[in-house]
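# Examination of the molecular architecture
So the chains spell out like this:
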Amino acid sequence: LQGDGPLTVFAPTDEAFGKLPQGTVENLLKPENRDQLKAILLYHVVEGRVDAATAATVKSAATLNGQRFAVNFSNGKLMVDKSRVVQTDIRASNGIIHVIDQVLLPESKPILTIATEAGTFNTLAAAIKAAGLIETLSGDGPFTVFAPTDKAFAKLPKETLQSLLIPENKEKLQQILTYHVVGGRVYSDAVLQKGSLRTVAGLRVNAALTDGQLMINQSSVISGDIQAANGVIHVIDEVLIPDERISALQPAIEYIELAIDRGVPLYNHGQQRACAAVYEVAAEGLLQWQGLPAEVSPVLQKALAKARSAHNSSNKAWTLRYGLDEAYSIMNDQMRMTSR
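Computed from a predicted model, the values in this text were never measured in an experiment.

### So, the nonpolar core
Ranked by internal contacts, the top residues of the largest apolar core, which has 27 residues, are Leu124, Ile128 and Leu177. Secondary structure elements with two or more residues in this core: helix H5 (111-118), helix H6 (122-130), strand E8 (143-148), helix H8 (150-154), helix H9 (158-164), helix H10 (170-178) and strand E14 (231-236). By residue number, the principal contributor to this core is H5, which donates 4 residues. Ile128 has contacts with Leu112, Leu133, Ile134, Leu137 and Leu177, leaving out every residue within four places of it along the chain. Membership of the second largest hydrophobic core comes to 22 residues, among which are Ile253, Ile256, Leu304 and Met331.

Laid out in structure tokens, this is it:
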């Protein structure tokens, strides 16, 4: 808080701390509760200079704790969570202070505890236990979990669910469950903005708005942005099952992304020959890829043949790049169609 910032601090008064249950402050000040105290204090800090006029135009704010708090302006009063802002825009060299009349308390329960206590995720909890993922999802994270309800699991064929829960199918169950988990704390507006999110399973899920409804692949988000100490939960109405075709396509797509990421800086720094070599190796490697769509091979073969007769390294690099781009577009289109 003494750094350059800038930061915006929602500062509870002594009276605000006095409203907490007796003994709470004394307990938080104990050395063993330092992490909990830090989490609470960081929940009062927002990055940047956010004056009252700006705050009044937003619905929520991301804090340095990682969680968000609600912002509401009504009847001439600015509210953050359930706390009223009693004094605004106190200027500091490294930010702004707004005085509030209640201490803001972030969610202190982890994802699994919140899901278990809700009573509507019993099947998910049993599956997490069977997959041996309790310790992982109880960690610091943060994680974003697309959590299927018991009703969502009930839509699966009964024999499918029973099969997944037996020990010999543990790996497959782990893949399905981690397909519902994204690293980081991604709220619904960011989910939609990203459009595609890489899951812990290594495969991507697609996000889209359909008739005003946020969809993750074919599943509807029926309740979003449920905060947890180690992440955020979005409740969905269908279990996400990774398609085997996606499992084959995505590594190939990421292989092209890697090749382009390596080739572009080389080209921009005058190393056109090295760039062309990277693209050529990528195209040849893709042709050996099992599960490559039939439409992709002719595109890459044509690009390689044309590149080998190019008069200079720049033309060769661009010819191969166009071929990789076309292959990338074909596979991306197929992934989107498969995810629907």
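On we go from here.
### Concerning the sheet that holds E14
Strand order in the open sheet formed by 7 strands is E9-E8-E14-E13-E12-E11-E10, with mixed pairing between adjacent strands. Strands at the two margins of the open sheet, each flanked by one partner only, are strand E9 (181-183) and strand E10 (196-198). Adjacent strand axes in the sheet meet at a mean angle of 30°, parallel and antiparallel pairs treated alike. Two elements, strand E13 (residues 219-228) and E14, share 5 bridges in a ladder whose sense is antiparallel. Across the sheet, the residue bridging to Ser223 is Val235, located in E14.

### A few points about the pairing of strand E7 (residues 95-100)
Burial within E7 is extensive, with 5 of its 6 residues counted as buried. With 6 bridges joining them, strand E1 (residues 7-12) and E7 adopt parallel strand pairing. When the bridges of E7 are listed, Thr8 appears paired with Ile96. Of the pairings in the sheet, the one linking strand E6 (residues 83-92) to E7 comprises 5 bridges and is antiparallel in character. Bridge pairing links Arg91 to Ile96 in E7. Linking two consecutive strands that pair antiparallel, namely E6 and E7, is a turn of 2 residues.

### Description of the pairing of E13
Note that strand E12 (residues 213-216) and E13 share 2 bridges and pair antiparallel. Paired with Ile216 across the bridge in E13 is Ser219. Taking the residues between adjacent antiparallel strands as the criterion, E12 and E13 are bridged by 2 residues, where Asn217 takes a positive phi near 55°. Between the antiparallel neighbours E13 and E14 lie 2 residues.

### With respect to the packing of helix H13 (residues 272-287) against helix H14 (residues 296-308)
When two helices pack together, their arrangement is given by the angle between their axes and by how far apart the axes lie. Two elements in contact, H13 and H14, have axes whose closest approach is 10 Å; the angle formed by their N-to-C orientations is 145°. Judged by the sense of rotation from one axis to the other, the crossing of H13 with H14 is left-handed. Taking contact as the criterion, the partners of Glu280, Ala283, Glu284, Leu286 and Leu287 in H13 are, on H14, Ser297, Leu300, Gln301, Leu304 and Arg308. Across the contact of H13 with H14, the residue classes tally to 5 nonpolar, 2 polar and 3 charged.

### As for the side chain of Gln227
Considering the arrangement of structural elements, one finds Gln227 in strand E13. Only 2.5 Å separates the side chain of Gln227 from the side chain of Tyr187, close enough to count as a polar contact. Non-local contacts of Gln227, meaning those with residues more than four positions away in its chain, are made with Tyr43, Gln67, Arg68, Glu107, Ile114 and Tyr187.

### Some details on the packing of aromatic side chains
Scanning all chains against the criterion turns up 5 aromatic pairs. The interplanar angle of 85° and the centroid separation of 5.3 Å between the aromatic rings of Phe10 and Phe69 together place this pair among those described as edge-to-face. With Phe10 in strand E1 and Phe69 in strand E4 (residues 68-74), this pair connects stretches of sequence that are 59 residues apart. Take Phe10 and Phe69: they sit in the same class, and that class is buried. Seen in terms of ring centroids, Tyr255 and Trp289 are 5.2 Å apart; in terms of plane orientation they differ by 50°. Their pairing is tilted. With Tyr255 in helix H12 (residues 244-268) and Trp289 in the loop between H13 and H14, the pair connects residues that are 34 residues apart, well separated along the chain. Taking the relative accessible area as the measure of exposure, Trp289 reaches 26% and is therefore partly exposed. Connected via pairs of aromatic rings, a cluster forms that spans Phe10, Tyr43 and Phe69.

### As for the environment of Leu324
Inspection of the secondary structure puts Leu324 in helix H15 (residues 313-339). On the accessibility criterion, Leu324 (0% relative accessible area) is buried. A sequence separation of 42 residues divides Leu324 from Ala282, and the C-alpha atoms of the two residues are 8.3 Å apart. In contact with Leu324, other than residues within four places in its own chain, are Ile256, Tyr279, Ala282, Ala283, Leu286 and Leu300.

What counts, and where the lines are drawn
- Residues numbered from 1 in each chain as written.
- Predicted model: local features only at pLDDT ≥ 70, side-chain atom pairs only at ≥ 80, totals over all residues.
- Heavy atoms only, no water.
- Core = buried A, V, L, I, M, F, W, Y, C linked by side-chain atoms within 4.5 Å.
- Buried < 20%, exposed > 50% of the residue type's maximum accessible area, 1.4 Å probe, protein only.
- Helix = DSSP H or I, 4+ residues; strand = E, 2+ residues; numbered from the N terminus.
- Contact = heavy atoms within 4.5 Å.
- Pairing = 2+ DSSP bridges.
- Axes fitted to C-alpha atoms, helices over the stretch in contact; angles between N-to-C directions.
- Left-handed = near helix turned anticlockwise from the far one by under 90°.
- Nonpolar A, V, L, I, M, F, W, Y, C, P; charged D, E, K, R; others polar.
- Polar contact = N/O pair within 3.5 Å; in protein donor to acceptor, adjacent residues only side chain to side chain.
- Phe/Tyr/Trp six-rings, centres within 6.5 Å; stacked < 30°, edge-to-face > 60°.

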